Amino acid sequence: MMFFSRNEKQVVSLVAMVLYIASHVEASIYERVGDGLCQPAPDKEYSHIVKYGYGADRAYDCSEACDGVNDGEARYHYRGFSIVKGALRGSPALYKGNCLCFYDCHHLPEFSTELEDVWSRHDPEYCAEGQVSAWDGAAGVECYQVLVEKSVLNP
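What counts and what doesn't
- All residue numbers here refer to positions counted from 1 along the written sequence of the relevant chain.
- Since the coordinates come from a predicted model, pLDDT governs what is reported: local features require at least 70, and pairs of side-chain atoms require 80 or more to be given and counted, while whole-chain, interface and lining totals use all residues.
- The basis for every side-chain value is the complete set of heavy atoms in the structure, and neither hydrogens nor water enter the calculation.
- We count a stretch as a helix when DSSP gives it H or I for four or more residues in a row; a strand needs E for two or more, and each element gets its number in order from the N terminus.
- Burial status follows relative accessibility: with a 1.4 Å probe on protein chains alone, a residue under 20% of its type maximum counts as buried, one over 50% as exposed, and anything between as partly exposed.
- Contact definition: two residues touch when any of their heavy atoms are within 4.5 Å.
- Computed with the Shrake-Rupley method and a 1.4 Å probe, the accessible areas treat only the protein chains shown as cover for residues.
- The predictor reports its confidence for every residue as pLDDT, a score running from 0 up to 100.

Q: Residue-level account of the overall build of the protein chain, with values.
A: Scanning the protein chain for helices and strands turns up four helices and eight strands. For the protein chain, the N- to C-terminal ordering of α and β elements is α-β-β-β-α-β-β-α-β-β-β-α. For the protein chain, the residues scored as buried account for 41% of the 155 residues in total. Contacts spanning at least 24 positions in sequence make up 77% of the contacts within the protein chain whose residues lie at least 6 apart. Carbon together with sulfur atoms contributes 55% to the accessible area of the protein chain, which is approximately 9300 Å² in total.

Q: I'd like a description of the confidence of the model for the protein chain, backed by residues and values.
A: On average, residues of the protein chain score 80 in pLDDT, and 74% of them are at 70 or above. Note on residues 14–25: pLDDT is under 50 here. Beyond four places in sequence and across chains, it has four contacts. Of the regions scoring below 50 in pLDDT, residues 151–155 engages in eight contacts with residues more than four places distant in sequence or in other chains.

Q: Pulling in residues and values, what's your account of unusual backbone geometry?
A: Within the chain, Asp43 stands out as a residue other than glycine whose phi angle is a positive 65°. Along the chain, Asp43 turns up in the loop between β2 (38–39) and β3 (47–51). With relative accessibility at 77%, the residue Asp43 sits in the exposed group. Although it is not a glycine, His106 adopts a positive phi angle of roughly 60°. Tracing the sequence through the fold places His106 in the loop between β5 (99–103) and α3 (113–116).

Quick look at the structure:
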């Protein structure tokens, strides 16, 4: 029979709770890292897709939308997302509620015909790869990087 001190019981309980929660996660885990569009390095950009007119109010809305299209090879190159919370100056195409999902250069997900009508692809000729390490500082936009991709917890 094992006996634990009070502190050891608390640690064991916390570990058990974390393992239980992690085993039932159905979405990726993100961290807000800055304001603006996510970037792999200052003055560099990712390939990305945009969901216009989505009406996202919370970061969770964009995380759910991006998770929904991450399949196949693209999910290994998915880096994070930005949510537009206010009109973006200098960009007539980005409005409040738009979601942008970022991928390593030229690794966008494949789309069905239905998704092509909802998402817009932006795959610049010169782009970069790697973990989110910068953001452009645009007001009214939040950048979130992926910490744990859903397939890690639910293969």
